[in-house]
Every structure is written in C-alpha cells, then in structure tokens.
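Coordinate inspection notes
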Amino acid sequence: MPGEGTLPRQYGLTNTGDEGMTKGHYRRLLLMALLSFLSMYALMYAMVNAAANIYVNLNQLYMAGLALVPAALGRAAALLQRRGPEVP
C-alpha cells in the first residue's frame, strides 16, 4: 500500500533515515532554548525603573537556566512524540 509506514511529509519527517531533518530539529530546539533563555533573563529586569538599578548577578543567570531546562525538555518530548516511533 503506498504511503504505508511513512510519517507525514508536512512535518518533514520520513522513515528513510534522513539525518538532515533530525539536525534541523535539533537546531530549532537549540534556537528556541537560546531565545527562551535570553527572554527569561531580560524579563527579570522588567520591573527595574532605571538602568542605574540593574545589578548583574550570577544568580539571575542560574535562575534563567533553571527555568529553561523544563521548557527545553518539554519541547524535546513534544518533538519526539510528533516524530512517532522509529520504523526499522
């Protein structure tokens, strides 16, 4: 039967072992993680009323990274779920 055992092409996923698509997913995941980290770090300063009141601290980097981990893991899990089972 045509199309049997193939994953939807609209997501760019096939069972042909194409590594290029997998790398694309990891690049997007890395880009999403980087943008999320930067936005979370910047939002920590949302309530600062003057630039003189900004104090850069390693704790804030740690908090942004700590908030990033569950978001990145959730996104990675969603990508793996959408990808479907590996077809030998």
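Note that the structure is a prediction, hence the values are computed from the model and not measured.

1. Considerations on the overall build of the protein chain
- A tally of regular secondary structure across the protein chain gives two helices and zero strands.
- Expressed as a percentage of the 88 residues in the protein chain, the buried residues total 17%.
- For the protein chain, long-range pairs separated by at least 24 residues make up 57% of all intrachain contacts whose partners lie at least 6 apart in sequence.

2. Observations regarding the packing of aromatic side chains
- Enumeration over the complete set of coordinates arrives at two aromatic pairs.
- With a centroid separation of 6.5 Å and an interplanar angle of 10°, the aromatic rings of Phe37 and Tyr41 are classed as stacked. Taken as a pair, Phe37 and Tyr41 lie in helix H1 (residues 19-43) at a separation of four residues, close to a single helical turn.
- By relative accessible area, Tyr41 is classed as buried at 18%.
- Note on Tyr41 and Tyr45: the rings are 5.6 Å apart at their centroids and 80° apart in plane angle, and the pair reads as edge-to-face.
- By relative accessible area, Tyr45 is classed as buried at 16%.
- Three or more aromatic residues joined by ring pairs make a cluster, and in this case those are Phe37, Tyr41 and Tyr45.

3. Comments concerning a nonpolar patch on the surface
- Together, Leu31, Leu34, Leu35 and Leu38 give the surface a local cluster of nonpolar side chains, amounting to about 390 Å² of exposed area.
- Along the polypeptide, Leu34 turns up in helix H1.
- By relative accessible area, which is 47% here, Leu34 ends up partly exposed.

Cut-offs applied
Residues numbered from 1 in each chain as written. Predicted model: local features only at pLDDT ≥ 70, side-chain atom pairs only at ≥ 80, totals over all residues. Heavy atoms only, no water. Helix = DSSP H or I, 4+ residues; strand = E, 2+ residues; numbered from the N terminus. Buried < 20%, exposed > 50% of the residue type's maximum accessible area, 1.4 Å probe, protein only. Contact = heavy atoms within 4.5 Å. Phe/Tyr/Trp six-rings, centres within 6.5 Å; stacked < 30°, edge-to-face > 60°. Patch = residues over 30% accessible without salt bridge, like charges linked within 9 Å, V, L, I, M, F, W, Y side chains within 5 Å. Areas by Shrake-Rupley, 256 points an atom, 1.4 Å probe, with all protein chains shown as cover. Salt bridge = Lys/Arg side-chain N within 4 Å of Asp/Glu carboxyl O.

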